[in-house]
Each structure stands twice: as structure tokens, then as C-alpha cells.
Amino acid sequence: MSWWFIVALAAGCYAFKVIGLILVGDRTLPPVVARCLALIPAAMISALVALNTFSDGQDLVVDARAAGVAAAVLAAWRKAPLIVVIILGAGVTAAVRAIA
């Protein structure tokens, strides 16, 4: 992957945001659309986490990453501080890799 491709993608994302501001302007979106747009970031990050946790190239795998994500999800569900969630997820992943 080249840096030019990354720069082009970043410019395209920025252009889409600017075009949206120009087209919509100071009009308000319907409430249904606003609620759906508010859910998109959570759905995207969840999809990226799932993809990076359970795939290895074109293969579906369950390895130490799955255990780390499960531990982090459990800690986040129990409302642990973010740094604890991160350290716990990385620690469980490292421990499972060391055992296996």
C-alpha cells in the first residue's frame, strides 16, 4: 500500500464531509436519520474489532486475540477504567500466547 493511496483516501473523506456541509447547510436532519447516523461510529468500530480479532488473511481463526477481546469486553461491561480494560485485554492475550 502506498502513501499516495492513504493520502487520497484521507482527501476523499474530507471532501465527503465538506460536500455534506455544503449540501445540508444549516438544515436539520430528520430525527430518524440523526439517530441512525449517531449509531454508525459504534457499528464501524465493532466491525473492525471483530474483523481483526477473528481473521487471519482469508481464514477465520479463534486464537489468543479472542480471549483478550473477551476479557476486555467483560471489563468494559463491568465499567472498569479504560486503561484497565486495555491492560487487561493485552495481558490476557499475552498470557494465552505464552501458554499456547
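Treat the numbers as computed from the prediction; the structure is a model and nothing was measured. (Residues numbered from 1 in each chain as written. Predicted model: local features only at pLDDT ≥ 70, side-chain atom pairs only at ≥ 80, totals over all residues. Heavy atoms only, no water.)

Structurally, the α-helix is built with 3.6 residues per turn, so residues lying three or four positions apart point the same way. Taking 1.5 Å as the rise per residue, helix α2 (residues 31-54) with 24 residues should run 34 Å; its terminal C-alpha atoms sit 35 Å apart, in good agreement. At I40, α2 shows its largest kink, close to 30°, and the proline P41 lies no more than four residues downstream. (Helix = DSSP H or I, 4+ residues; strand = E, 2+ residues; numbered from the N terminus. Expected span 1.5 Å × (residues − 1). Bend = angle between axes of the 7 residues up to and from the residue.)

Once that is clear, we can look at the packing of α2 against helix α3 (residues 64-77). The N-to-C vectors of α2 and α3 enclose an angle of 145°; their axes lie 8 Å apart at closest approach. Contact residues: α2 offers V49, N52, T53 and F54, while α3 offers R65, A66 and V69. Each residue belonging to the contact of α2 with α3 can be placed in one class, and the counts come to four nonpolar, two polar and one charged. (Axes fitted to C-alpha atoms, helices over the stretch in contact; angles between N-to-C directions. Contact = heavy atoms within 4.5 Å. Nonpolar A, V, L, I, M, F, W, Y, C, P; charged D, E, K, R; others polar.)

Another aspect to go through is the packing of aromatic side chains. In the structure shown here, the tally under the stated rule is zero aromatic pairs. The ring of W77 has R78 lying over it, and the distance from NZ or CZ to the ring centre is 5.7 Å. (Phe/Tyr/Trp six-rings, centres within 6.5 Å; stacked < 30°, edge-to-face > 60°. Lys NZ or Arg CZ within 6 Å of the ring centre and 35° of its normal.)

Moving on, we come to unusual backbone geometry. Glycine aside, a negative phi is what most residues show, and trans is what most peptide bonds show. The backbone of K79 sits at a positive phi, close to 65°, despite the residue not being glycine. With respect to the secondary-structure elements, K79 resides in the loop between α3 and α4 (82-99).

Considering all chains together, one arrives at one salt bridge under this definition. A salt bridge links R65 to D63; the shortest N-O distance between them is 3.2 Å. The exposure class assigned to D63 is partly exposed, which follows from its relative accessible area of 34%. (Salt bridge = Lys/Arg side-chain N within 4 Å of Asp/Glu carboxyl O. Buried < 20%, exposed > 50% of the residue type's maximum accessible area, 1.4 Å probe, protein only.)

Between α3 and α4, whose axes approach to 8 Å, the crossing angle comes to 150°. Comparing their axes, α4 and α3 come out roughly antiparallel. When the axes of α3 and α4 are compared, the crossing they make is right-handed. Counting all contacts with α3, which are made through A64, R65, A67, G68, A71, A72, A75 and A76, the residues of α4 involved are V85, L88, G89, V92, T93, V96 and R97. Residues that form the contact of α3 with α4 fall into these classes: 10 nonpolar, three polar and two charged. (Parallel < 35°, antiparallel > 145°, perpendicular 65-115°, else oblique. Left-handed = near helix turned anticlockwise from the far one by under 90°.)

Turning next to helix α1 (residues 3-24). In this model, α1 (22 residues) spans 32 Å end to end at C-alpha, consistent with the 32 Å of a helix rising 1.5 Å per residue. Positive backbone phi, approximately 60°, marks G25, located one or two places after α1.

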